[in-house]
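Analysis of the macromolecular model
Each chain, letter by letter, is given below.
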Amino acid sequence: MAQAAALAAVALLLHTQPTSGLDASLLYVDEAPDYVRPYVIEHYKNSHAVTIDSQLYRFMVTGPSSGNAFSLLSTNSPSSDSLGVLPHIHQTHYENFFNFKGRFQLWGQKEDREQQARVIGPGDYGSVPRNTTHTFQILDPDTEMVGVIVPGGFEELFYALGTNFSSGIDTPYVPASASNGSSAGPNSTVSSALENFDVYAQLEFTPRRDIINGSAPTEAMWHTGANELGDAGEPYFIANGYGPKYLSSDHSYQIVQPLVTPEQAQDLSYSLSTISISRPISNDTTPTYQLEGASAFEVLEGQLTIKIDDYDDISLIGGDVAFIPANVTFSYWSRVAFTKVLFIGTGSTSLDTQLVRAGELWDYLAFPVM
């Protein structure tokens with residue numbers, strides 16, 4: 001055990017030496033750029049921020065900043081006694097709901113099949129493929145939803161509906177809105193205009209309210225047993241830690257929990273996973289990647305160190321986002337005992353897809369003991 005600890009210390013030291021690359025501060029932006037380039041946005045920066053009722057939307061990755069690969073947004077809001085959005089479907093966009101903090105309720109139904117509902121807590125995930133009726137409701141007083149929408153550009157809807165927001169204090173949401181509650185979104189008189197943004201209102205949809213222990217139907221596994229990724233085109237839900245897991249042991253331990261694989265994404269060709277990262281476990285050189293598709297990391301826990309292209313390495317903490325375009329080199333590691341990120345990648349050889357293919361099935365959320 002002492003030898004393993006010494007090896008890990010040496011490996012970490014190799015990643016803490018000063019570098020002499022391009023100034024990493026040039027990577028930091030306050031708003032997602034309007035062209036494709038690598039960049040970093042800190043948590044709560046008001047990137048293209050808009051308010052819609054009590055909800056504050058920020059867009060860390062946009063269509064223009066990603067070459068329309070995907071959009072990455074956050075929704076911060078107090079609790080509400082009404083729906084956060086009109087029930088609707090998307091015909092061309094695949095929407096992913098991930099919970100950063102708080103709780104929200106998510107409904108999904110495909111065609112005439114049974115309606116599904118879950119209470120989504122921190123680290124939980126809901127998949128809403130194309131042509132799935134869905135809506136949500138914010139339950140906790142400090143909730144942050146993370147949305148990943150493929151392809152990119154869906155933020156144009158929010159720009160059209162919302163009110164531009166800026167503030168000298170990067171507050172999660174506007175506290176004056178806390179007593180107003182979220183509305184059910186635009187009414188039927190404007191629903192036809194929304195179709196220009198790939199939003200097709202489903203006014204006949206009535207969200208079920210018979211949720212017991214966080215799920216409906218009651219026989220659904222929710223924080224009580226394993227969850228599997230759904231069939232292509234079908235909505236599904238993965239509770240935090242209850243989905244499939246894979247262990248990669250190259251350079252550091254990494255536990256990959258896939259949420260969307262190319263099988264579910266189909267022609268949209270993207271992947272979505274959480275990746276838990278240990279400190280380096282060997283003194284081998286950190287792997288460098290140059291991927292065919294765009295990538296983004298959002299830190300959920302711990303501290304991620306990342307080196308992009310010729311820039312000096314930088315450290316990201318909770319809620320920070322790094323975007324890396326296709327064919328740009330990067331490497332990453334954790335200087336703390338446990339770091340967890342949400343990773344989004346496009347293409348068939350995305351980072352998480354590679355780690356899963358090279359890894360082994362793993363039953364735990366903790367790293368092996370050396």
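A brief report on the enclosed structure follows. Just so you know, the residues in each chain are numbered from 1, in the order the chain's sequence is written. Local features in this predicted model are restricted to residues whose pLDDT is 70 or higher, and side-chain atom pairs enter the listing and the counts only when it is 80 or higher, whereas totals over whole chains, interfaces and linings include all residues. Excluding hydrogens and water, the side-chain figures rest on all heavy atoms present in the structure.

Notes on the pattern of salt bridges
We define a salt bridge as a contact between a side-chain nitrogen of Lys or Arg and a carboxyl oxygen of Asp or Glu at a distance within 4 Å. According to the stated counting rule, one finds 10 salt bridges in the structure shown. A salt bridge links Asp-267 to Arg-130, with the shortest nitrogen-to-oxygen separation between them at 2.7 Å. Of this pair, Asp-267 sits in the loop between helix 5 (262-265) and strand 18 (270-280) while Arg-130 sits in the loop between strand 9 (125-128) and strand 10 (132-138), and the two are 137 residues apart along the sequence. For every residue, the accessible area (1.4 Å probe, protein chains only) is compared with the maximum for its type, and the residue is labelled buried under 20%, exposed over 50%, or partly exposed between those bounds. Assessed through its relative accessible area of 19%, Arg-130 is described here as buried. The partner of Arg-208 in a salt bridge is Asp-210, and the shortest N-O contact between them spans 2.8 Å. Since its relative accessible area comes to 17%, Arg-208 is described here as buried. The exposure class of Asp-210 is partly exposed, given its relative accessible area of 38%. Put simply, Asp-30, Lys-45 and Asp-170 are held in one network by salt bridges that share partners. Numbered from the N terminus, helices here are DSSP runs of H or I no shorter than four residues, and strands are runs of E no shorter than two.

Some words on the packing of aromatic side chains
Two rings from Phe, Tyr or Trp (for Trp, the six-membered ring) form a pair when their centres sit within 6.5 Å of each other. Planes less than 30 degrees apart are called stacked, planes more than 60 degrees apart edge-to-face, and all others tilted. This structure, assessed with the given rule, holds 20 aromatic pairs. A centroid spacing of 5.3 Å and a plane angle of 75 degrees characterise the contact between Trp-362 and Tyr-364, whose relative ring orientation is edge-to-face. Through pairs of rings, three or more aromatic residues link up here, namely Tyr-57, Phe-59, Phe-154, Phe-158 and Tyr-159.

Some points on the sheet that holds strand 16 (residues 246-248)
The 8 strands are arranged 1-22-19-24-18-17-16-25 in an open sheet whose pairing can be described as antiparallel. Two strands bound the open sheet, and with one partner strand each, they are strand 1 (39-41) and strand 25 (360-361). Should any heavy atoms of two residues lie within 4.5 Å, those residues are counted as being in contact. Orientation is described by axes fitted as lines to C-alpha atoms, over the contacting stretch for helices, and by angles from 0 to 180 degrees between their N-to-C directions. Running over the sheet, helix 6 (residues 351-358) touches strand 16, strand 17 (252-260), strand 18, strand 19 (295-301) and strand 24 (339-346) and is turned about 65 degrees from strand 18. In short, DSSP must find at least two bridges between two strands for them to pair.

Observations concerning the nonpolar core
Buried Ala, Val, Leu, Ile, Met, Phe, Trp, Tyr and Cys residues form a nonpolar core when they are joined through side-chain atoms within 4.5 Å. Core analysis: the largest hydrophobic core is formed by 31 residues, its most contacted members being Val-61, Phe-70, Leu-72, Tyr-125, Val-260, Tyr-270 and Leu-272. Residue contacts for Tyr-270: discarding those within four places in its chain leaves Tyr-94, Asn-96, Val-150, Val-260, Thr-261, Pro-262, Ala-265, Gly-345, Thr-346 and Gly-347. Counting 25 residues, the second-largest nonpolar core is a separate cluster that includes Val-40, Val-299, Ile-306 and Leu-355.

As for the pairing of strand 19
Of all 7 residues in strand 19, 5 are buried, a share of seventy percent or more. By the bridge criterion, 4 bridges tie strand 19 to strand 22 (residues 321-324) in an arrangement that is antiparallel. Its bridge partner being in strand 22, Ser-295 is matched across the sheet by Ile-324.

As for unusual backbone geometry
Cis geometry marks the peptide bond from Val-150 to Pro-151, where omega comes out at -5 degrees. With respect to the helices and strands, Pro-151 occurs in the loop between strand 11 (143-150) and helix 3 (155-161). Positive phi, close to 75 degrees, is recorded for Tyr-44, a residue that is not glycine. Summarising the element assignment, Tyr-44 is placed in the loop between strand 1 and strand 2 (50-52). With a phi close to 65 degrees, Asp-198 is a non-glycine residue in the positive phi region.

Side note on the environment of Leu-355
Note that Leu-355 resides in helix 6. Between the alpha carbons of Leu-355 and Gln-254 there is a distance of 8.3 Å; along the sequence they are 101 residues apart.

A few points about the sheet that holds strand 21 (residues 314-316)
Spatial strand order, 21-20-23: 3 strands in an open sheet with antiparallel pairing. Only two strands of the sheet have a single partner each, and these edge strands are strand 21 and strand 23 (330-334). The sheet shows a mean angle of 30 degrees between the axes of neighbouring strands, taken without regard to direction. Taken together, the 5 bridges between strand 20 (residues 304-308) and strand 23 define a ladder with antiparallel strand orientation. The partner of Ile-306 across the bridge, within strand 23, is Tyr-332.

Regarding the environment of Ser-80
Looking at where Ser-80 falls in the secondary structure, it is placed in the loop between strand 4 (71-77) and strand 5 (88-89). Given a relative accessible area of 9%, Ser-80 falls into the buried group. Contacts described as polar in this section are N or O atom pairs within 3.5 Å, which, within protein, must combine one atom able to donate a hydrogen with one able to accept it, while residues neighboring in sequence count only if both atoms come from side chains. Looking at Ser-80, its side chain comes within polar contact range of the main-chain nitrogen of Ser-82, at 3.1 Å.

Points about the environment of Tyr-35
Following the sequence through the fold, Tyr-35 ends up in the loop between helix 1 (2-13) and strand 1. For Tyr-35, a relative accessible area of 47% corresponds to the partly exposed category. Considering only alpha carbons, one finds Tyr-35 and Pro-141, 106 residues apart in sequence, at a separation of 35 Å. Here Tyr-35 is in contact with Pro-64 and Ser-65, once residues within four sequence places are set aside.

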